[in-house]
Amino acid sequence: MPFRPVSLILHVSVSVGWFGAVLAYVAVAVVASTGGTPEAVRGAWTAMDVIGWWVLVPLSVATLVTGIAGTLGTGWGLGTHVWVRAKLALTVVATAVLVAHMPSVSVQARGIPPATAGHHGGPWSEILHATGGLAVLGAATAISFMKPWGKTGTG
Ligand code: HEM
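Calculation criteria
Residues numbered from 1 in each chain as written. Predicted model: local features only at pLDDT ≥ 70, side-chain atom pairs only at ≥ 80, totals over all residues. Heavy atoms only, no water. Donors = N, O, S within 2.8 Å, 3.2 Å for Na, K, Ca; no water. Tetrahedral: all angles 85-135°; square planar, octahedral: opposite > 155°, others 65-115°. Helix = DSSP H or I, 4+ residues; strand = E, 2+ residues; numbered from the N terminus. Buried < 20%, exposed > 50% of the residue type's maximum accessible area, 1.4 Å probe, protein only. Near = heavy atom within 4 Å. Polar contact = N/O pair within 3.5 Å; in protein donor to acceptor, adjacent residues only side chain to side chain. Nonpolar A, V, L, I, M, F, W, Y, C, P; charged D, E, K, R; others polar. Phe/Tyr/Trp six-rings, centres within 6.5 Å; stacked < 30°, edge-to-face > 60°. Axes fitted to C-alpha atoms, helices over the stretch in contact; angles between N-to-C directions. Parallel < 35°, antiparallel > 145°, perpendicular 65-115°, else oblique. Left-handed = near helix turned anticlockwise from the far one by under 90°. Patch = residues over 30% accessible without salt bridge, like charges linked within 9 Å, V, L, I, M, F, W, Y side chains within 5 Å. Areas by Shrake-Rupley, 256 points an atom, 1.4 Å probe, with all protein chains shown as cover. Salt bridge = Lys/Arg side-chain N within 4 Å of Asp/Glu carboxyl O.

Explanation requested: the coordination of the iron atom of the ligand in the structure shown.
Under ideal tetrahedral coordination, the four donors around a metal are separated by 109.5 degrees; under ideal octahedral coordination, the six donors are separated by 90 or 180 degrees. Each protein donor to the iron atom of the ligand is listed here as H11 (NE2) and K87 (NZ); together their distances run 1.9 to 2.0 Å. Metal-centred angles of 84 to 179° between the six donor atoms at the iron atom of the ligand mark the site as octahedral. Separated by 76 residues along the polypeptide, H11 in helix α1 (residues 3–34) and K87 in helix α3 (residues 82–109) bring together distant segments of the chain. Per residue, the accessibility class of H11 equals that of K87, and both read buried.

Would you take a moment to explain the site of the ligand for this structure?
Residues in contact with the ligand amount to 24 residues; listed here are only the nearest, R4, H11, K87, S144 and K147. Within the side chain of R4, an N or O atom sits 2.7 Å from an oxygen atom of the ligand. Only α1, α2 (38–69), α3 and α5 (125–146) provide two or more residues apiece to the shell around the ligand. In terms of residue count, α1 provides more of the shell around the ligand than any other element does, six residues in total. For the shell around the ligand, the class distribution of residues is 12 nonpolar, nine polar and three charged.

Hey, could you run me through the packing of aromatic side chains in this one?
Centre-to-centre distance and the angle between the planes together describe a pair of aromatic rings. Summed over all chains, the structure comprises one aromatic pair. Between W76 and W83, the aromatic rings sit 4.9 Å apart at their centres with planes inclined by 85°, giving edge-to-face as the arrangement. Judged by its relative accessible area of 26%, W76 falls in the partly exposed class. A residue is classified by how much of its surface remains accessible, and W83, at 7% relative accessible area, is buried.

Help me understand the packing of α2 against α3, please; the structure alone is not making it clear to me.
For any two helices packed against each other, one specifies the inter-axial angle together with the distance between the axes. At their nearest, the axes of α2 and α3 sit 9 Å apart, and the two run at 155° to each other. When the axes of α2 and α3 are compared, the pair comes out roughly antiparallel. By crossing handedness, the relation of α2 to α3 is classed as left-handed. Per-class residue counts for the contact of α2 with α3 are 15 nonpolar, eight polar and two charged.

Help me out: how do you make sense of unusual backbone geometry in this one?
With the exception of glycine, the majority of residues adopt a negative phi angle, and the majority of peptide bonds are in the trans configuration. You will see that K147, though not glycine, has its phi angle at about 45°, which is positive. Following the sequence through the fold, K147 ends up in the segment after α5.

Even after reading the chapter, I still don't get a nonpolar patch on the surface, so can you show me in this structure?
The grouping of V50, W53, W54 and V55 at the surface amounts to a nonpolar patch, some 420 Å² of accessible area in total. Note that W53 resides in helix α2. When its relative accessible area of 33% is taken as the criterion, W53 is described as partly exposed.

In structure tokens form, the structure reads like this:
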């Protein structure tokens, strides 16, 4: 099969899959933040730890890799179209925030008291982070289909 359709199928699968996985994360974060039984809260933090490291982080990196691969030899170019640059910036920021944030989720999942571990996020911080991520990914999806803003100065 030719390179372009394969890389595009992979790219759309992992990037839109990332969006879907964040939706699942938000649902679990609501349980972690709004309480319930101690078992449910503990289980929710464990689920967030697993979803974060084993699904969200790999999908974010795969989005970057397949997105950049999709610019090779397709005419879209990495520096020639504003929409590609905008998506690259959004994805790099979202990935960096995710990777920087996940260790504090692991700390909570292990049941270490937040004060000891230096985690200062309030109970709503998880929902806030994850819905912020959803907004960024939603914007990237919209940009992908609309391809707005034309070419860059060097394009
Ligand atoms: C969360 C982030 C991202 C999402 C949700 C996303 C989503 C999508 C979707 C749905 C398409 C298909 C659009 C269409 O065929 O009309 C697409 C295409 C494309 N994306 Fe992304 N993308 C993301 C990040 C990136 C990144 C970081 C890059 C590279 C810098 C990138 C580069 C491209 C390119 C070049 C295409 C067109 C490929 C082609 O037509 O062969 N994307 N993206």
